[in-house]
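# Remarks on the overall topology
Chain residues, written in single-letter form:
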Amino acid sequence: MIYLDHAATSLEKPQTVPAAVVRAMRSMASPGRGGHAPAMLAAETVYRCREEAAALFHMQRPENVVFTMNATHALNLAIHSLGQPHDRVLISGFEHNSVTRPLHALEAEILVAGRRLFDPEDTLADFRRLLPGVKFAVCTAVSNVFGYILPVREIAALCRREGVPLILDVSQAAGVLDLNMEELGAAFLCMPGHKGLLGPQGTGLLLCGGDAAPLLFGGSGSESREQAMPQELPDRLEAGTHNVCGIAGLLEGIRYVRRRGPDSILRHERESIRYCAELLRGAPCELFTCDASSQSGVLSLRSPDIDCETLARRLSDRGVCVRSGLHCAPLAHESAGTLDTGTLRLSVSPFLRREQLEAACSTLRSCLK
Amino acid sequence: MTQFWILFRSLTHAQRAAGLLERRGITATIARAPQGLSPKGCGYAVLFRKRINEALRLLEENKIPFGQVFERRESGEFREARL
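Throughout this description, residue numbers start from 1 for each chain and increase along the sequence as written. Here chains are named by letter from A upward and ligands by number from 1 upward, in the order in which they appear as written. Predicted model: local features are reported for residues with pLDDT of at least 70 only, side-chain atom pairs are reported and counted for 80 or more only, and whole-chain, interface and lining totals are derived from all residues.

This part is about the overall build of chain A. Per the convention used, a helix needs a DSSP run of H or I reaching at least four residues, while a strand needs a run of E reaching at least two, with both numbered from the N terminus. When its secondary structure is counted, chain A shows twelve helices and 13 strands. Taken over C-alpha atoms, the radius of gyration comes to 21 Å for chain A, in line with the 21 Å a tight globule of 369 residues would show. The principal-axis extent of the C-alpha atoms belonging to chain A is close to 65 × 50 × 30 Å. This radius of gyration counts C-alpha atoms alone. The globule rule is 2.2 Å times how many residues there are, raised to the power 0.38.

We now examine the sheet that holds strand β3 (residues 44-48) of chain B. All names here are of chain B. The strand order β2-β3-β1-β4-β5 describes an open sheet built from five strands, whose pairing is antiparallel. Edge strands, defined here as strands with exactly one partner in the open sheet, are β2 (29-32) and β5 (78-80). For this sheet the average axis-to-axis angle between neighbouring strands, irrespective of direction, equals 35 degrees. At least two bridges found by DSSP between two strands are what make those strands a pair. Pairing analysis gives four bridges linking β2 to β3, with the strands arranged antiparallel. Its bridge partner lying in β3, Arg32 is registered against Tyr44. With C-beta atoms placed from the backbone, a contact is any residue pair whose C-beta atoms sit within 7 Å. Lines fitted to the C-alpha atoms define the axes, with helices restricted to the stretch that makes contact. Angles between their N-to-C directions range from 0 to 180 degrees. Along the sheet face, helix α1 (residues 11-23) touches β1 (3-8), β2 and β3 and points at about 15 degrees away from the line of β3.

Attention shifts here to helix α10 (residues 308-317) of chain A. Residues and elements named next belong to chain A. Burial is judged by counting the other C-beta atoms within 10 Å of a residue's own C-beta: 20 or more makes it buried, 12 or fewer makes it exposed, and any count in between marks it as partly exposed, with every C-beta position built from the backbone. The complete set of buried residues in α10 reads Cys308, Leu311, Ala312 and Leu315. Seen end-on, α10 carries its buried residues on one side only, within an arc spanning 100 degrees. Structural note: α10 exposes Glu309 and Asp317 on the side pointing more than 90 degrees away from its buried face. Positive backbone phi, approximately 85 degrees, marks Gly319, located one or two places after α10. It is the directions from the helix axis to the C-beta atoms that the arc portrays.

The interface of chain B with chain A comprises 14 residues on the first partner and 18 residues on the second. Every element with two or more residues in the side of chain B that touches chain A is listed here: α1 and β2 of chain B. Of the residues forming the side of chain B that touches chain A, the biggest block, five residues, is contributed by α1 of chain B.

The next subject is the packing of helix α3 (residues 71-82) of chain A against helix α4 (residues 97-105) of chain A. Residues and elements named next belong to chain A. Where α3 meets α4, the closest approach of the two axes is 9 Å, and the angle between their N-to-C directions is 35 degrees. Helix-helix and strand crossings are classified by hand; for α3 and α4 the assignment is right-handed. Touching Ala71, Thr72, Leu75, Asn76 and Ile79 of α3 are Ser98, Val99, Pro102 and Leu103, all from α4. In this classification, the charged set is Asp, Glu, Lys and Arg, the nonpolar set is Ala, Val, Leu, Ile, Met, Phe, Trp, Tyr, Cys and Pro, and all remaining amino acids, among them Gly, are polar. Of the residues that constitute the contact of α3 with α4, the class distribution is six nonpolar, three polar and no charged. Rotating anticlockwise by less than a right angle from the far helix to the near helix defines a left-handed crossing, while the corresponding clockwise rotation defines a right-handed one.

What follows covers the environment of Arg51 of chain B. One can find Arg51 of chain B in the loop between β3 and α2 (52-61). Measuring from C-alpha to C-alpha, the distance between Arg51 of chain B and Leu21 of chain B comes to 9.8 Å, with 30 residues separating the pair along the chain.

Okay, the domain arrangement of chain A next. Residue and element names in this part refer to chain A. Note that the domain bounds were set by an automatic or database domain assignment. Along its sequence, chain A is carved into domain 1 (2-11 + 262-368) and domain 2 (16-260). With 30 residues of domain 1 at the contact, the number on the domain 2 side is 29 residues. When contributions to the side of domain 1 that touches domain 2 are tallied by element, the ones reaching two or more residues are α9 (262-279), β10 (298-302), α11 (330-336) and β13 (343-347). Looking at the side of domain 1 that touches domain 2, the element that brings in the most residues is α9, giving seven residues.

Another aspect to go through is the sheet that holds strand β4 (residues 109-113) of chain A. Residues and elements named next belong to chain A. The seven strands lie next to each other as β2-β8-β7-β6-β5-β3-β4, forming an open sheet whose pairing is mixed. On the outer flanks of this sheet lie β2 (65-68) and β4, each paired with one strand and no other. When the angles between neighbouring strand axes are averaged without regard to direction, this sheet yields 20 degrees. Taken together, the three bridges between strand β3 (residues 88-92) and strand β5 (residues 136-140) define a ladder with parallel strand orientation. When the sheet's bridge partners are listed, Leu90 is paired in β5 with Ala137. In this fold helix α5 (residues 120-130) packs onto β3 and β4, with an angle of close to 145 degrees to the strand it touches most, β4.

Below, the structure written as structure tokens:
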């Protein structure tokens, strides 16, 4: 089996990740719910994970690292914290439904900036033009469909200049791009723990640049006489028992990423995608690639004759795992002109080998005939 | 020997504080605060035995919010620290 669906979730992980999950399951209780050894061991592990995440994103305050169930949960928290019904909000043309659906639920007035794929100048020009007067902005750092790396540092600078709070969706960027939370000055960074950070599913992170409002209310293990949620992070946003086993695995995933370095991982993934495009040159399909440095380890393609779902099924039957359809990002497809057909998406992990790519591309060529 | 107890509302803040003190060579441990010392219920404390003024300065410099500071006598009695 060759797994090319890393953008959905990481399947291959460092060995330390599942080992930590099992160890946590066998030895750890609930952090902040007791002073006994299993509770304190859990608390120590959870705090180490906050520290590692803070270090990866160059944050001074580990308490501003909040654990969530996934990136969608983190994005909902961030949008709920900044948004009011009917707010005017600016988003990029490559956002996921995890951004657009919460905004639609708020009945926000949504302005869309940058509809041209792999064109950072267009994206920036639109942000510059549309930012004044919006309540806040939401921008993905990397498109989950096309691997388009948006110019988020420049967008963050524009937001700072205009005084517009920025939510960054770094679902496809965490572990791949070196992002500095303090320099970006973003209000929130939202991400899953199970993609580029190589942790287990059911983990996510919300990095807070400032105050945030809870979505869930309940026990936090602190200030128990009070009926309002605590004011301080992370307790304010972490009601209920933590996913300690998941967090223990995520800690090891982040440690791996820090040891290897996001730059090195991006280089590997980018080289893999370029090689993939090379192997598919001349095949009867449209490849969505760019020559510049605006693409990560994600490659979309479509056949003029074969539906992407049929192609994905053929590949799956031959042991190649890819994602097909709209990838929960109809806005990105609309921007790229692929809404009616969808695309077949190949996304690579830091562990993928060249011979696996060669085999997968050879299989894909035969499926395209 | 007197033991200092600095109170925190959040376990995470107590952990960050203990880590900072440890890095400065002040051995510190974390415990749940006695209910009688936590007016809002269920708080945490960082426990250590020396350099109280330096410890408090460190917490302030690093903007870690903390509550009352107590001294725990050999007898087990708590008294608010005079600083």
